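Commentary on secondary and tertiary structure
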Amino acid sequence: MTPSYRLAAAALAAAVMIPAGPIFAQTLPPGPAVSITMVTQLSPTIPQYTKVDIPMLREGIPEKSGGRIKVTLASWPERALTGPELLRVIRSGQIDIGAPALPTVAGDVPMLEMSDLAGMNPSHAQSRKVIDAVLPEVNKELERFGVRIIATFPYPAQVFYCREPVTSLADLKGRRIRTAGGSSNDFVQSIGGQPTAIGFPEVYGALERGVVDCAITGTATGNGARWYEVTKHMYALPVSWGNSAYVANLAWWNKLDPAVREFMQATFKQVEDQQWALGLEATEDGIACNSGKKDGCKIGHVVENKPMTVTRPTDADMATLRASLSTAVLPAWVKRCGERCGETYNRLVAPITGVKYEAK
């Protein structure tokens, strides 16, 4: 086990399990009824949806608000939406709150990538520290587009699911690899792979047909989407953490009764904490489930028929991932985002990561 995974394992052992039952008190006074439309996760079968959003948002908010707030909740595919479309639908006011994966909407707002650039965060804990540091600056950017982040969350560590064996980054050279876009494209190109843009709901079919050779997603996310049926090998290199956010339409948010807005903000703080705990738990759980290890599979589906072969990253590949941040990923991101973003990164993020952006 590499040093990064020993740290992750230690953190995992200390993580608090997702508690059952109510976790926030009813604090909303009586008043006019409020209906809220939310579209949150990239699949209705992943634990972020089934274990957090459904019990805490769809069921918890009406219960804890004394029935004053009604929530209509759906996942992306249930509304035929993709990540890039989701931010635009929130901006237009067609839905009140959505949860895009930040890399998928960074084409509209490149600064959204700043918290989770490929190779930047070797640990779950650092990823949260970085996103907390950049959130005020990111929200200034988003409010120009009529939306704001009200809570953040990660997916499990983003790793490679492949049809054919992979034991190192060298094996990925020349392979067609589905990415979420942005900095993951830059990293894949830096190792000689061919990044391919495919919406998450279409990835299963693309892997099944061989349109792509590999795809990057969370260890447990791919398990929830049954990618183990169309891939046989996982290279568990934590490229990033799939940082995402609950984003509200700003005009709608500002018009809420102050008591309702305060209730919602307190609720989403609880949701945020549960999602970050789940992201850490689900990282190793997803590895155990996909590789058929029942003892370690507590959240996802254990693959008993033809389990996947999981290879842990080598120290050399961890070093390559880290080096790519300064040599490939940061320069490419600043080119998309502008020198102002490089200056913001150096001010807010470099003190945490220890890697500065150097203009060339």
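Refer to the preceding data block for the structure.
First things first, this report covers the structure right here in the doc. (Residues numbered from 1 in each chain as written. Predicted model: local features only at pLDDT ≥ 70, side-chain atom pairs only at ≥ 80, totals over all residues. Heavy atoms only, no water.)

1. Some remarks on the environment of Ala170
Rule in force here: Strands here are runs of E lasting at least two residues and helices are runs of H or I lasting at least four, both read from the DSSP assignment and numbered beginning at the N terminus.
For Ala170, the location among the structural elements is in the loop between β5 (158-162) and β6 (176-179). Taking the C-alpha atoms as reference points, Ala170 and Asp317, separated by 147 residues in sequence, lie 8.9 Å from one another.

2. As for the environment of Ala277
Note the cut-off: Buried residues are those whose accessible area, probed at 1.4 Å on protein chains only, stays under 20% of the maximum for their type, while exposed residues exceed 50% and partly exposed ones sit between those limits.
Tracing the backbone shows Ala277 in helix α10 (residues 258-290). Overall, the relative accessible area of 19% leaves Ala277 in the buried class.

3. Here's the deal with the state of the cysteines
To keep things clear, this is the line we draw: Working definition: a disulfide is two cysteine sulfur atoms within 2.5 Å of each other.
Within this structure, the stated rule accounts for 3 disulfides. Across a sulfur-sulfur distance of 2.0 Å, Cys289 and Cys297 are joined as a disulfide pair. Negative torsions about the S-S bond denote left-handed disulfides, and the value of about 95° found for Cys289 with Cys297 makes this one right-handed. Overall, Cys289 belongs to the buried group, its relative accessible area being 0%. Residue Cys297 is classed as buried on the basis of its relative accessible area of 13%. The residue that forms a disulfide with Cys337 is Cys341, at a sulfur-sulfur distance of 1.9 Å. On the sign convention where negative means left-handed, the S-S torsion of about -50° between Cys337 and Cys341 marks this disulfide as left-handed. Here Cys341 falls in the buried class, since its relative accessible area comes to 0%. Here the protein chain pairs its bonded cysteines, counted in sequence order, in the arrangement 1-2, 3-4, 5-6.

4. So, the sheet that holds strand β10 (residues 244-249)
The criterion, for reference: Only when DSSP finds a minimum of two bridges between them are two strands counted as paired. Any two residues having at least one pair of non-hydrogen atoms within 4.5 Å are treated as being in contact. Fitting a line to C-alpha atoms yields each axis, with helices limited to the stretch in contact; the angle taken between N-to-C directions then spans 0 to 180 degrees.
Read from one edge of the open sheet, 5 strands run β2-β1-β3-β10-β4, paired in mixed fashion. Because the sheet does not close on itself, it has two edges, and the strands there are β2 (69-74) and β4 (147-153). Of the strand pairs in this sheet, β4 and β10 are connected by 6 bridges, and their pairing is antiparallel. Across the sheet, Ile149 pairs through a bridge with Val247, a residue of β10. Its contacts with the sheet put helix α3 (residues 83-92) on β1 (34-39), β3 (97-98), β4 and β10, and the angle it makes with β10 is roughly 25°.

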